[in-house]
Amino acid sequence: MGKFRLTQHLLGTVSILGLTLGSGALAQDLLEELPPEVQGEGFLGTIELGQGKREVQVGTAEALTVINQEEIDDRQAGTIAELIDSVPGVALVNGSRPEGSGINIRGFGANGTYGTDQKVAIVIDGATTGSEEIYRVGTQLFTDPSLYKSVSVNRGTVGSFEFGSGIIGGVVSFETKDASDFTGGEIGLRFRQTLGYSSNGAGYHSSSIIAWQPMENLEVLLNYTKRDTDAYKDGDGNLIQYTATEPYSGLAKIKYTFGDAGEHGLTFSYQKTSTEEFDAPYDAFNVVNFGNVNRQTESEIATLKYEYNPVGNDLIDLTVQYSYSDIYIESEPTNPGGFADYLLDGDHDYTIDKLTVKNAMFFQTGAASHDLRFGVEWISKDRLESQVDPVSGNVSVPGGRDERTALFLVDDIDLGGHWTISPALRWESQKITGAGTYAGDRYDNSALMGGISARYEFDSGVSVFASAAYTESLPILDDLNNPTYMNQPEKSTTYEFGAAYASSGVFAGDDSLQVKANVFFTRLWDVTSYSGIGAVESHGLEVEMTYAMENGTYFDLNTAYGDYDALQSSGLWGQWDNAPANSARLTVGKRLGEAWDLSWEQVVAENGSRNYGGYGVSNLRATYRPQSGALQGAEIRLGIENAFDRQYKPNLATEYKTGRNFKLTLAKTF
């Protein structure tokens, strides 16, 4: 039955693609009705592949999506979660508040009970961050979109072996802004100010950036961002309590290059995001009434990176990086004496130290060229024991240290220009030692994981690819109270195959088309992350497409369809509750010269595993960059999210989404 449903979804996606491409003539007819002075503005820049909102990554066998700075700005997202939910296969557990949202990819990640299941990796400037499970407190990712210039989402396992073990959903990787992004690499001082307003919740935000380049080889960036949003209303006008948020974020980053040819580089960065909540539910997902707390949440990440890339030596491209991340949550009950004080009156403190030594080298062996990356990692996760049940004496959040050493290797092998084969291996050894109640407990585990992908590109622009990967989720500190789980790594396999096409002059002389579709099959067994579940099996289809015309019209489409099943403790297979709903997202836009970018986005989703009902939501966006006058160099963005004020709740969410919301952002670099 699952294969039949998957075939139906594939046929439906092909139909959508055909309708979308066939609508080009209609869009052109409508645009011809515009005034001549608007028609004559011309297209922004030279037509290149990927001139829609988002370029499709057709050159890789991995299911990779990259969100660049322009899209980050245009989406005006209030949280990182709201930004990446536009990626196929990504779903959110809420998302409007950084402290109560979670990211789910292909059914793994946050789930409304725990902030994460360790199967989605969060990497910021190479630093591993995030907490472990944390019951009812969503802290998988706590930061601000204004700090970053790009976000990459690598779905599945095959591209994950440089980042960690047990990654089934995927890797979300962030790159912070650099001073040279604003100075253009020239000596000088630049200042960028961004001001934003949202109508639903009467929210505002301010982001101030100082970019200083006193020398060509020295960059300094300082960023301070503040957000303040009241509780929002849903599509029916109901106030969603406890959704107000007031976080602030800061980023400091210094880059220094030296040597005769600039072959040495040092980069230091530090960022912090913090917020306070008063009389808010302990359950950040607002499902179970344990009671209310006053809570402070802080996230800190510091990295120090050394790079050595000598000119003329293809065998050395060395990176040595140390990173430190800390998530700290302090809470106290507003009405002490309740039945759940052992949960409410407790602090969480998670730190991750990570040292990575990695080298990249390029060399030939006969007709094959190798782009080889290999390295060693040391990772130490420390957590303070913070909560003790006064009745049973059981530790709700065990403390201890999870120390790991890993070796990894990835080799991209080009076999003469058409074939690319990429084997990858990761070996990881773990030592967990308990603290406090579990002092003296020690568990040792190790695993060898790996995968391989292959891609063949035809001269016509068509490429086909396939991959297979195996990984293991090693035990976590949360399970110190279960000796069986501490000796039982979870195991998973993922198989993918697909095709891509990229070309210009497809339907007209100067148009461009990129499309990529991949099918995945995933199986997880020896499950310890979910109660009453023995195995999870899923298969699905993901499609991404962008089509751009010479006159500035563009169409972007992405879809995600899948079937997700779980083996219950009863021995019967049933629907997997954490599965994302089938969905599609279509954007139709028009660029008018260098000044305007107008777009309409339609998001549709089917009924999901939690039966919240399907929905369709329209979002409108306009970006204006004045080319002359007093506002020259400024950027003005207007967005209308949920334009028709629909009442809806995404499948994995625990709260209804925001109703109609007008957003206005002004930005200028001085």
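Everything discussed here concerns the structure shown above.
Owing to the predicted nature of the structure, the values given are computational and were not obtained by experimental measurement.

> In this structure, what is going on with the sheet that holds strand S4 (residues 108-109)? I would like to understand it.
What holds strands together in a sheet is hydrogen bonding between their backbones, with the strands either parallel or antiparallel. Overall, antiparallel pairing links the 3 strands, which are arranged S2-S3-S4 in an open sheet. Each of the sheet's edge strands pairs with one partner strand only, and the pair in question is strand S2 (90-93) and S4.

> Would you take a moment to explain the pairing of strand S11 (residues 218-228) for this structure?
A regular strand places its side chains on the two faces of the sheet in alternate fashion. The element S11 is largely enclosed, with a buried count of 9 among its 11 residues. Pairing geometry for strand S10 (residues 203-215) and S11, over 10 bridges, is antiparallel. Residue pairing in the sheet places Ile-210 in a bridge with Leu-222 of S11. A loop of 2 residues connects S10 with S11, the two strands running antiparallel in sequence. Summarising the sheet, S11 and strand S12 (residues 248-258) pair through 9 bridges and their orientation is antiparallel. Residue pairing in the sheet places Tyr-224 in a bridge with Gly-250 of S12.

> Explain the pattern of salt bridges to me, please; I cannot follow it from the model alone.
According to the stated counting rule, one finds 40 salt bridges in the structure shown. For Arg-295, the salt bridge goes to Glu-277, with nearest N and O atoms at 3.0 Å. In this pair, Arg-295 sits in strand S14 (residues 292-308) while Glu-277 sits in strand S13 (residues 264-281), placing the two residues 18 residues apart along the sequence. The pair Arg-295 / Glu-277 is uniform in exposure class, with both members buried. Put simply, Glu-428 and Arg-404 hold a salt bridge, and the shortest N to O gap is 2.8 Å. Of this pair, Glu-428 sits in strand S21 (residues 419-435) while Arg-404 sits in strand S20 (residues 399-415); the two residues are 24 residues apart in sequence, bridging distant segments of the chain. The residues Glu-428 and Arg-404 share a single accessibility class, namely buried. Through salt bridges with shared partners, one network takes in Lys-53, Glu-70, Asp-74, Arg-192, Arg-591, Asp-597, Glu-635 and Arg-637.

> Whenever I open this one, the packing of aromatic side chains confuses me. Can you help?
By convention here, two paired aromatic rings are described through the distance between centres and the angle between planes. The final tally for this structure, using the stated rule, is 12 aromatic pairs. A centroid spacing of 4.5 Å and a plane angle of 25° characterise the contact between Trp-596 and Tyr-624, whose relative ring orientation is stacked. Of this pair, Trp-596 sits in strand S30 (residues 596-605) while Tyr-624 is found in strand S31 (residues 615-624), placing the two residues 28 residues apart along the sequence. Judged by relative accessible area, Tyr-624 falls into the partly exposed class, the value being 27%. Over the ring of Phe-520 we find Arg-106; its NZ or CZ atom is 4.1 Å from the centre of that ring. The residue whose ring lies beneath Lys-668 is Phe-670, and the NZ or CZ to ring-centre distance is 5.6 Å.

Cut-offs used in this document
Residues numbered from 1 in each chain as written. Predicted model: local features only at pLDDT ≥ 70, side-chain atom pairs only at ≥ 80, totals over all residues. Heavy atoms only, no water. Pairing = 2+ DSSP bridges. Helix = DSSP H or I, 4+ residues; strand = E, 2+ residues; numbered from the N terminus. Buried < 20%, exposed > 50% of the residue type's maximum accessible area, 1.4 Å probe, protein only. Salt bridge = Lys/Arg side-chain N within 4 Å of Asp/Glu carboxyl O. Phe/Tyr/Trp six-rings, centres within 6.5 Å; stacked < 30°, edge-to-face > 60°. Lys NZ or Arg CZ within 6 Å of the ring centre and 35° of its normal.

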